[in-house]
Amino acid sequence: MREWIPIPGSAKARLIEAAVHQFELAGYEAVNVVDLAGKASVTTGALYHHFGSKLGLYLTVRDDMEKRIAERMEGAAAAAGNRGHPAVRAALLVAFDAAVRFTVCRILGEQPPVERDDPVAAALRPLLTKHKAPAADILAAAWRAALLAVATGASSTAAARASLVYVLGDGRT
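(A) View of the pattern of salt bridges. In this structure the tally under the stated criterion is eight salt bridges. Salt-bridge contacts for E66 lead to R62; the nearest nitrogen and oxygen are separated by 2.9 Å. One end of the pair is E66 and the other is R62, both in helix α4 (residues 54–79) and four residues apart, which spans about a single turn. Accessibility classification places E66 together with R62 in one group, the buried group. Taking the shortest distance from any N to any O, the salt bridge between D64 and R68 comes out at 3.3 Å. Residue D64 and its partner R68 are located together in helix α4, separated by four residues, close to a single helical turn. Taken together, the shared-partner salt bridges in this structure form one network comprising R62, D63, E66, R116, D118 and R144.

In structure tokens form, the structure reads like this:
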């Protein structure tokens, strides 16, 4: 069993559940530790005990979601041939759909509060045939922008997905 999977109903599990909801609703910066602990029916001491800080809890939630998304991207890319435009397109669209289904568009769309490698860009690099690093970063940014459009209500899910499809193009150069 992976360390980040808490026992259901435990204080750690309740904190993670409350964190997903609160970070998705308001974004990292706007979430208050006291309110977050209250939503989980735990003390702030429990939050600090299990995660060290609000940032530790946020990164736990975000890392878990990014791992789930990356796994789905790998599967979609493999089904589309593991290389080139069809694989990139399949990976990003499956990732978009999964983020919407998991209700984590803001969490995955917003910039993390600390500098770190982008796991979505990392998942894209092996699929690209040209300009791997810049193309992966640009495509991951477009994916995140589509997620934020959904999270903030600036766009419907269908319109944001259609915009992402447009950005991805048809693969012809």
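(B) The arrangement of the packing of helix α8 (residues 132–152) against helix α9 (residues 157–168) in detail. One way to put it is that α8 packs onto α9 with a least axis distance of 8 Å and a crossing angle of 165°. By the angle between their directions, the pair α8 and α9 is classed as roughly antiparallel. Considering how the two elements wind past one another, α8 and α9 form a crossing that is right-handed. Two secondary-structure elements touch here, α8 through L139, A142, W143, A146, A149 and V150 and α9 through T157, A160, L164, V167 and L168. Among the residues making up the contact of α8 with α9, the classes are represented as 10 nonpolar, one polar and no charged.

(C) Seen up close, the side chain of R144. Note on placement: R144 falls in helix α8. The contacts of R144, once residues within four sequence positions are left out, are R62, E66, L108, G109, Q111, D118, P119 and V120.

Each value, and the rule that gives it
- Residues numbered from 1 in each chain as written.
- Predicted model: local features only at pLDDT ≥ 70, side-chain atom pairs only at ≥ 80, totals over all residues.
- Heavy atoms only, no water.
- Salt bridge = Lys/Arg side-chain N within 4 Å of Asp/Glu carboxyl O.
- Helix = DSSP H or I, 4+ residues; strand = E, 2+ residues; numbered from the N terminus.
- Buried < 20%, exposed > 50% of the residue type's maximum accessible area, 1.4 Å probe, protein only.
- Axes fitted to C-alpha atoms, helices over the stretch in contact; angles between N-to-C directions.
- Parallel < 35°, antiparallel > 145°, perpendicular 65-115°, else oblique.
- Left-handed = near helix turned anticlockwise from the far one by under 90°.
- Contact = heavy atoms within 4.5 Å.
- Nonpolar A, V, L, I, M, F, W, Y, C, P; charged D, E, K, R; others polar.

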